[in-house]
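Spelled out, the chains give:
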Amino acid sequence: MTETTRKIDEVLKTGIKTIGIMTGGGDCPGLNAVIRSVVMMSKKYGVKVKGIPYGYRGMFLGEKCYIDLDVEDVDDIIEKGGTILHSSNKDNLFKYPRRDKNGLMHNEDGSLIYDDFSHQALENVQKAGIDALIIVGGDGTLTSGRDYSRMGMPVVGVPKTIDNDLRSTEVTFGFDTAVTRCCDAITSIRTTGEAHSRVMLVEVMGRNAGHIALHTAIASSADMVLISEIPYDSEQIVKDTRAILERKGSAIIVVSEGVHAPVQGSHKNKIVEGSPDAVRFGGIANVISDYLENELNSERDENGYTINDVIIDVECRATNLGYIQRGGAPTANDRILSTRFGAFAVKVLMENLVPDANGNFGKMVSMQNNSLTAVELEDVINSATMIDNQRRVDSDGELVELARNMGISFGDVR
Ligand code: F6P
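About the cut-offs
- Residues numbered from 1 in each chain as written.
- Predicted model: local features only at pLDDT ≥ 70, side-chain atom pairs only at ≥ 80, totals over all residues.
- Heavy atoms only, no water.
- Pairing = 2+ DSSP bridges.
- Helix = DSSP H or I, 4+ residues; strand = E, 2+ residues; numbered from the N terminus.
- Axes fitted to C-alpha atoms, helices over the stretch in contact; angles between N-to-C directions.
- Near = heavy atom within 4 Å.
- Polar contact = N/O pair within 3.5 Å; in protein donor to acceptor, adjacent residues only side chain to side chain.
- Areas by Shrake-Rupley, 256 points an atom, 1.4 Å probe, with all protein chains shown as cover.
- Nonpolar A, V, L, I, M, F, W, Y, C, P; charged D, E, K, R; others polar.
- Contact = heavy atoms within 4.5 Å.

Asks: Is there a simple way to think about the sheet that holds strand S15 (residues 316-320) in this case?
Replies: Strand pairing in a sheet is mediated by backbone hydrogen bonds. Such pairs are either parallel or antiparallel. Ordered in space as S11-S12-S10-S15, the 4 strands form an open sheet in which the pairing is parallel. Looking at which strands have only one partner, the edges of the open sheet turn out to be strand S11 (224-226) and S15. Neighbouring strand axes in the sheet, compared pairwise and without regard to direction, differ in orientation by 20° on average. Here S11 runs beside strand S12 (residues 251-256); their pairing, made up of 3 bridges, is parallel.

Here it is as structure tokens:
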């Protein structure tokens, strides 16, 4: 028993009357579809829904900012990107960096000073009459979700992330939209690349997981894909790009944002002090682009030509697709998946509220063999580091083999 009231005992006696819903972490197409689905499904059980805005920060801000959600509040939001509840990806209330007018506060040894606001936040939620939480988020958000369930709050997580890197579920919503956006962008990038006989590098998101890059590469018949699960060789990418240019005159290379630099130390990711997942990726495709251009132009024939008697100077151009992968309307597949996830989360709370051996109730909605099920949050988040909680591309898996069979290079030596 923690200092915070163990809500679950009370809820088990009286039943769930009000569900709180919040969206945390980076936004993702389909969040609004989940919110709508939760509201519609709760109606069926005669249960009220309160929206907690701004992710975990909203839990701390308290009742004054919570929003009653009814059917008319969620009309037509299924097709809207973003989240009507807003989100935040740096408000871990269990370890909240202290600030003053100069910004973050540090101890004498330079480390940050942290506060734990989790008990206060949970009390706020309980004071507002919220009996259970549906937390829509990725690994960072669900880590706190698990910790609130340990404090006695019934919690159901809904797996969200465009990166599709959450363990214990075959798929997260938002991923299909992100891959679709990347493929649409490549349709445009390819024609300008072909027109100028260029090497076009396309950087996509995914953090340490290469799912977006791999799916995009297969779906858009890219020539090369670089993912962090299959470390590329700096000389091999030059050889392979040269071969592609010789064969077809231009190239599409999909670059996952988490890959290493071609020359050690030639690229650094941004570190956001005090953020639960401090690494902010971005910009690696530019670095690889410069490297390739330099290397590919370093060998020429007696007339100064590089690849053949048409291409004089190899030109490489990088495009970082950035936030267009995350914004805008979800695909039909993501709308359906989000609706299924939201409805199932309510069902789990209303029909299966059975605490585990420790008296806690922390579940996550999961897709297994294309069927919905609920898994323990304790099993989803059970490693100390974020990267160990992530599901990454299986470098010996069927999709990698498929990509290789379709002629896509991973830039590795084989
Ligand atoms: O996890 C989702 C994601 O979009 C990653 O693919 C990307 O690296 C990160 O979030 C970007 O986060 P931020 O919104 O903090 O820039």
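Past the structure itself, the notes keep going.
Asks: Could you clarify how one ought to interpret the site of the ligand in this entry?
Replies: Around the ligand lies a shell formed by Asn89, Ile162, Asp163, Met205, Gly206, Arg207, Glu257, Arg280, Tyr323 and Arg326. A distance of 2.9 Å is found between an oxygen atom of the ligand and a side-chain nitrogen or oxygen belonging to Asn89. Asp163 is positioned with one of its side-chain polar atoms (N or O) 2.6 Å from an oxygen atom of the ligand. Taking 400 Å² as the accessible area of the ligand by itself, protein coverage stands at 82%. Along the lines of polarity and charge, the residues of the shell around the ligand split into 3 nonpolar, 2 polar and 5 charged.

Asks: When you look at the sheet that holds strand S3 (residues 67-69) in this model, what are you seeing that I'm missing?
Replies: Overall, mixed pairing links the 7 strands, which are arranged S3-S2-S1-S8-S9-S16-S17 in an open sheet. Where the open sheet ends on each side, the last strands, each with one partner, are S3 and strand S17 (371-376). Strand after strand, the sheet turns through a mean of 30° between neighbouring axes, direction not considered. Bridge count for strand S1 (residues 18-23) against strand S2 (residues 48-51) is 4 bridges, and the pairing is parallel. Bridged to Thr18 within S2 is Lys48. Running at roughly 140° to strand S16 (residues 362-368), helix H10 (residues 332-351) makes contact with S1, strand S8 (132-137), strand S9 (155-159), S16 and S17 of the sheet.

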